[in-house]
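Take a look at the letters that make up each chain.
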Amino acid sequence: MSDRDATDPGPQGISRRRFLSLMAASAAAAATSACGSPDQDTIVPYTKKPADVVPGVANYYASTYQEGRVPYGVLVKAREGRPIHIDGNDEHPIFAGKTSPRAQAEIMGLYDPQRLREPRLGGSPAAWEKAQARVADALKAAARGRRPVLLLTSAVISPSRRDAIAALRRALPGLEHVAWEPALSATERAAADSLYGTAAAPRYRVERAKVLALFEADLLGSMDSAVPAVAGFARGRTPSRPGEPMSRLYAFESRLSLTGSKADVRVPVRPSAAAPLAFATARILRERHGFALPGGLSARDLEPFRPAAVAERWGADPAVLSALARDLARAGRDGLAVAGPSLPEEAHAAAALLNAMIGAEGRTLETDRAVEPGPLASPTEMARLTRELAAGKYAAAVFWETNPSYAVSDADGFNAALDKTPLKVCLGLREDETSRRCDVVLPISHWLESWGDYEAATDLLGLQQPLIRPLYGTKQGEEIVLGWAKELGASVETDPRASLMARWRREVYPAGTLASFEAYWTAAVHDGVLRRDVPARAPRRLRGGAVASAAKKAASARPGSLELLVEPDYKMWDGRYAGNGWLQELPDPVTKVCWGNFLAVSAADARSLGLSDGDVVSVRVGRRGVELPVLVQPGQAPGAVFAALGYGREGDVAAGCGASVYPLVADDGSAPFHRTEIAVSKTGARRPLVRSQTEFDLHGRDVVRVWAPGEYARKAKTPEYAEELATLNDDPRWGDHKWGMAIDLSACVGCAGCQVACQSENNIPVVGPEQVARGRIMHWIRSDVYYVGAPENPRVAHGVMLCQQCDDAPCEPVCPVAASVHSEEGLNEQVYNRCIGVRYCEANCPYSARRFNFFDYTSAIDDPAELAFNPEVSVRPRGVAEKCTFCVQRIRNGEQIAKDHGRPVRDGEIRPACAAACPAEAIVFGDLKDPNSRVSKLARSDRGYKVLHELGTRPAVTYMAELTNPAEEAKI
Amino acid sequence: MDPRDRFWRVTAPLGALAVLLTILVVGWSVEPARYQLGYAPEQPIPFSHRVHAGVNRIPCEYCHTNADRSRDATVPPLQTCMNCHQFMKLPDKALQEYIDKAVADRVKSDEPIAWKRVYHMPSYVFFDHRAHVNARVQCQSCHGPVETLDVQTRLMNMRMGRCLACHRDPTPYLPPGSPIKKGPTDCYACHR
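Please read these numbers as outputs of a predicted model, since none were measured by experiment. (Residues numbered from 1 in each chain as written. Chains lettered and ligands numbered in written order. Predicted model: local features only at pLDDT ≥ 70, side-chain atom pairs only at ≥ 80, totals over all residues. Heavy atoms only, no water.)

### Focus: the sheet that holds strand S31 (residues 739-744) of chain A
All names here are of chain A. One open sheet holds the four strands; their spatial order is S38-S31-S40-S39, and the pairing between them is mixed. Here the strands that pair on one side only, and so sit at the sheet edges, are strand S38 (923-927) and strand S39 (944-945). Sheet topology places S31 next to strand S40 (residues 957-960); four bridges connect them, and they run parallel. The residue of S40 that forms the bridge with methionine 741 is valine 957. (Pairing = 2+ DSSP bridges. Helix = DSSP H or I, 4+ residues; strand = E, 2+ residues; numbered from the N terminus.)

Here it is as structure tokens:
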């Protein structure tokens with residue numbers, strides 16, 4: 001190597017390490033020089049620079065993302081005009097700076113290579129004018145002939161979209177608009193309608209709840225209200241000293257859900273048990289604690305629910321019901337009962353009864369600002385629609401951002417019926433099962449390229465603004481639909497921004513506002529959310545009569561043969577994210593299965609059916625059936641099996657991942673997601689599940705600590721790991737900062753939001769199912785699950801593991817090329833350009849926090865997916881070890897900003913991506929050198945401990961033991 | 001000769017020499033292009049730093065506006081040229097015509113210029129201009145006497161040793177009385 005630089009004093013003489021590193025460097029140079037020419041690179045500046053864009057500095061814009069009936073308020077980070085990271089909008093009163101992992105992963109949705117790029121006519125690319133003319137002609141003919149036209153959409157919670165549809169309906173009186181969400185439960189809406197006379201979804205104020213009684217309700221996981229629920233739940237679980245009150249969570253559920261995994265008292269029972277158990281609890285509340293029943297319901301209606309008999313019949317402990325009733329009585333208005341969306345109407349009635357008795361309405365359950373949703377079609381109505389399509393009722397059918405060819409119960413029947421419609425039009429983002437069957441395919445813009453507004457509550461409007469011009473020749477759905485209305489003779493503004501602004505000026509901007517409309521509008525666009533003065537709705541009242549008839553139905557229920565529970569998948573939701581590699585590879589938060597779904601079976605049922613993990617079974621209900629691999633899941637209730645929706649899609653990424661469970665969704669009027677009398681039989685085939693974690697036993701080590709309150713009081717007095725172990729290394733001397741992290745396992749629910757945030761921030765590649773099965777997943781932060789206690793109903797311990805940035809890091813001394821070194825700010829640095837890939841560091845890391853890039857995962861990422869890369873982080877090549885850096889790019893940026901302003905770094909100013917995304921605020925980052933920083937205080941907390949401290953690694957991450965609040969403890 | 005003797009006297013020294021030679025020859029011949037001093041590519045417009053920064057004494061940051069607030073000092077948008085060139089007319093008619101064509105017309109038609117990159121950083125180096133500019137390191141300390149160059153030329157040694165030399169003893173490059181006595185030498189200061 002030539003070294004013309006005389007200024008580098010360098011080490012005297014060549015050490016072995018230096019020699020090896022020189023060898024490595026020359027080899028690398030030899031590899032790169034072949035294609036290196038000095039003229040390879042150009043700089044292309046703007047000719048006219050847009051205001052506020054400084055190359056190299058990120059801009060943040062607030063927007064709104066709709067999923068189902070939830071409009072997530074988000075804050076999108078953009079670099080040089082391209083969105084690269086999504087967080088929650090801190091101005092949003094409901095989401096308060098947090099968002100769901102699925103919304104975060106929408107960055108990949110924007111740059112999805114599978115997106116539709118131009119209109120298609122009969123399967124081949126066509127110009128917009130031609131494609132639009134084809135639709136307009138058909139609509140005009142339908143209007144003249146007074147033939148009906150079907151418009152099928154997803155849930156419409158956007159006033160702008162509602163307006164566009166209304167405009168089209170005025171121009172085309174035969175338009176029949178049907179909205180549906182395949183993953184949203186129809187029973188939940190029907191129950192609310194019959195119990196309260198309104199289908200408005202309540203807002204759960206989990207932060208106020210001292211006692212939660214959840215019946216098959218995955219409130220912190222797959223329910224769509226999870227993000228604020230996790231934040232609220234965490235607040236009640238983190239006492240700062242022994243004796244402080246804590247909330248208590250009771251979960252009666254068949255499958256081990258994310259919420260059940262955090263329960264203080266978890267009762268594994270069949271889904272059918274939920275209603276009788278809840279009614280029995282209501283009876284105890286009335287008889288033992290003197291709570292009155294609501295009008296229309298008499299004590300005789302609860303007569304059949306003798307607690308001891310009900311508990312025995314459904315395999316629950318009667319003492320649990322007494323304890324729950326006692327706690328609900330004590331909590332009063334601060335209690336909350338929720339029935340899972342998938343459960344039949346009786347269970348919803350029973351939970352509503354509990355809430356009405358303790359007076360939770362208006363306190364832990366709020367409906368005074370709830371939006372009345374428009375009608376949503378149930379699976380039964382979709383079956384009726386299929387029959388109408390088959391009868392050739394419609395002159396044309398338009399599918400707008402919905403995929404019925406995949407997501408109806410009888411997809412084959414639907415697709416056959418579709419052929420009877422002369423013109424099928426699809427307004428979609430990417431190629432899917434429906435678009436392939438449509439005559440005209442019109443590509444629509446992604447929400448990050450669109451204008452819109454959404455009703456989060458009656459007093460809360462979320463605004464959606466485009467972050468980037470459409471990447472391809474796409475148009476917003478509203479613009480297309482309004483274009484048709486215009487063709488049909490209506491006078492409408494089709495430009496999405498202009499029509500949105502015009503409507504806001506007309507309907508939203510309050511008369512007599514001092515600010516001009518332009519100022520008002522700009523402020524609203526900036527905040528992404530607008531609060532309005534709207535009178536509260538009258539509190540809803542429970543109809544006792546409806547509860548009485550539900551009780552009658554629940555009283556006759558008896559445990560039968562196998563039951564099936566179906567729920568939207570935590571990652572795929574209804575299947576719309578199946579093409580998103582980040583989400584496919586994100587392990588399921590409880591089972592750690594990636595790239596597919598499964599049938600969760602209890603150990604007892606697996607024994608009697610002769611099943612083991614990976615056996616493919618055929619699950620049949622009536623005429624329909626699906627084939628799924630089995631997962632023998634600890635905590636699964638005997639007599640009940642579980643499967644998630646959203647898999648079995650077509651497409652480059654999704655193909656071969658799991659199977660669609662939609663055929664098992666009932667479309668005959670019964671509860672769609674809860675099936676009884678199902679048949680499970682072994683097919684003899686095997687499909688091993690891909691899992692990121694295969695060992696779920698702690699083997700007696702206390703890497704994840706779970707303490708009951710008594711244990712907390714005892715251990716807080718005598719901390720076990722207070723003193724530092726002796727070390728032979730030099731006492732580290734820190735520079736201006738010593739970065740550290742504290743993770744509160746009591747707050748953490750294992751939602752995996754940190755994992756997606758990290759993947760997006762740190763350019764972490766997706767490796768695919770084959771490589772995950774070989775243990776080569778690349779996530780820098782992971783949430784681990786351990787089962788403690790009996791496998792029939794274990795306690796679940798959630799651990800969060802990332803590089804511990806050890807002061808005496810085992811990875812550092814073993815690196816032959818000094819690619820793993822320690823910084824004076826306490827970071828354990830991995831220098832990719834030095835790394836030669838021997839993997840000694842990985843072998844020596846006791847935390848398994850290091851990852852190795854076995855194949856060139858990153859260079860396979862092509863345009864446009866590469867636009868999602870964070871330009872502040874290296875895109876690591878093959879053969880390099882990598883790991884969490886505490887988001888050093890954010891640290892450097894924060895330090896630089898502080899320095900530029902001539903002030904010290906403020907505590908909390910620098911947040912790694914995981915900490916920023918954590919809805920539970922379980923991750924706190926800061927400077928351990930500052931004794932007053934939050935992280936320093938938490939590091940000294942009496943719940944604090946270091947994982948594998950006994951190895952003398954001296955980690956910079958302090959964990960805080962998870963606290964439980966079992967029912968034996970009287971205090972809540 | 002005893003076979004063992006032969007190994008120690010002939011094979012081993014020759015082998016060692018061959019290995020050493022290979023390392024030296026390969027190392028010298030495949031030096032990355034980014035290390036070459038004096039690299040001065042022909043640019044799409046023969047912009048002269050001598051005329052602008054030298055003769056007319058326009059401060060560097062007038063054009064490279066982001067040097068103090070971004071990692072990238074940034075090449076200015078063409079519009080910046082028009083700040084002056086839309087008002088002033090050069091006595092040299094041919095030159096004025098050229099500027100009208102090369103700059104003014106491009107701004108009007110929104111046609112960007114693809115400048116040849118002179119200073120090239122590998123992708124794993126995250127250099128931050130604002131840290132240096134805000135510490136009042138002169139641009140010339142790294143980029144050399146740019147104000148004397150008609151053709152922008154690479155005058156800086158782009159090796160890490162050069163970075164470290166200054167980070168270990170920055171005093172000669174800082175204004176007198178600067179409180180900064182040392183720059184960060186952690187790997188993560190630049191690599192991440």
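### A closer look at the domain arrangement of chain B
Taken as a whole, chain B is organised into domain 1 (3-30) and domain 2 (40-75 + 115-156). Computed from C-alpha atoms alone, the centre-to-centre distance between domain 1 of chain B and domain 2 of chain B is 45 Å. (Domains from an automatic or database assignment.)

### So, the sheet that holds strand S24 (residues 615-621) of chain A
Residue and element names in this part refer to chain A. Ordered in space as S27-S21-S26-S23-S25-S24-S28, the seven strands form an open sheet in which the pairing is mixed. Each edge of the open sheet is held by one strand with a lone partner, namely strand S27 (674-675) and strand S28 (679-686). Two strands pair when backbone bridges link them, and S24 and S28 are joined in this way by five bridges, in the antiparallel orientation. Residue pairing across strands places aspartate 615 opposite arginine 686, the latter belonging to S28.

### What to know about the domain arrangement of chain A
Residue and element names in this part refer to chain A. Taken domain by domain, chain A holds domain 1 (120-184 + 374-527), domain 2 (203-366), domain 3 (563-691) and domain 4 (706-722 + 736-963). Residue-level contacts link 21 residues of domain 2 with 23 residues of domain 4. Carbon and sulfur atoms make up 60% of the surface buried where domain 2 meets domain 4, a total of about 1,600 Å² over both sides. Where domain 2 touches domain 4, the interface holds one salt bridge. (Contact = heavy atoms within 4.5 Å. Buried area = accessible area lost by both parts, 1.4 Å probe. Salt bridge = Lys/Arg side-chain N within 4 Å of Asp/Glu carboxyl O.)

### Regarding the interface of chain A and chain B
The interface of chain A with chain B comprises 54 residues on the first partner and 54 residues on the second. Scanning the region where chain A abuts chain B turns up four salt bridges. As a salt-bridge pair, arginine 192 of chain B and glutamate 872 of chain A come within 3.1 Å of each other at their nearest N and O atoms. For the pair chain A and chain B, the number of links is 19 residue pairs in polar contact (both at pLDDT 80 or more). (Polar contact = N/O pair within 3.5 Å; in protein donor to acceptor, adjacent residues only side chain to side chain.)

### A look at a nonpolar patch on the surface
Taken together, the side chains of Val10, Leu14, Leu17, Leu21 and Val25 of chain B define a hydrophobic patch exposed on the protein surface, amounting to about 440 Å² of accessible area. Relative accessible area serves as the criterion here: at 47%, valine 25 of chain B is assigned to the partly exposed category. (Patch = residues over 30% accessible without salt bridge, like charges linked within 9 Å, V, L, I, M, F, W, Y side chains within 5 Å. Areas by Shrake-Rupley, 256 points an atom, 1.4 Å probe, with all protein chains shown as cover. Buried < 20%, exposed > 50% of the residue type's maximum accessible area, 1.4 Å probe, protein only.)

### Topic: the pairing of strand S17 (residues 440-443) of chain A
All names here are of chain A. With burial as the criterion, each face of S17 is covered, one bearing Val440 and Leu442 and the other bearing Val441 and Pro443. As paired strands, strand S5 (residues 120-121) and S17 are joined by two bridges and run antiparallel to one another. In the sheet register, leucine 121 faces S17, and the bridge partner there is valine 440. Both strand S16 (residues 423-428) and S17 contribute to a ladder of four bridges, which runs parallel. Across the sheet, cysteine 426 pairs through a bridge with valine 441, a residue of S17.

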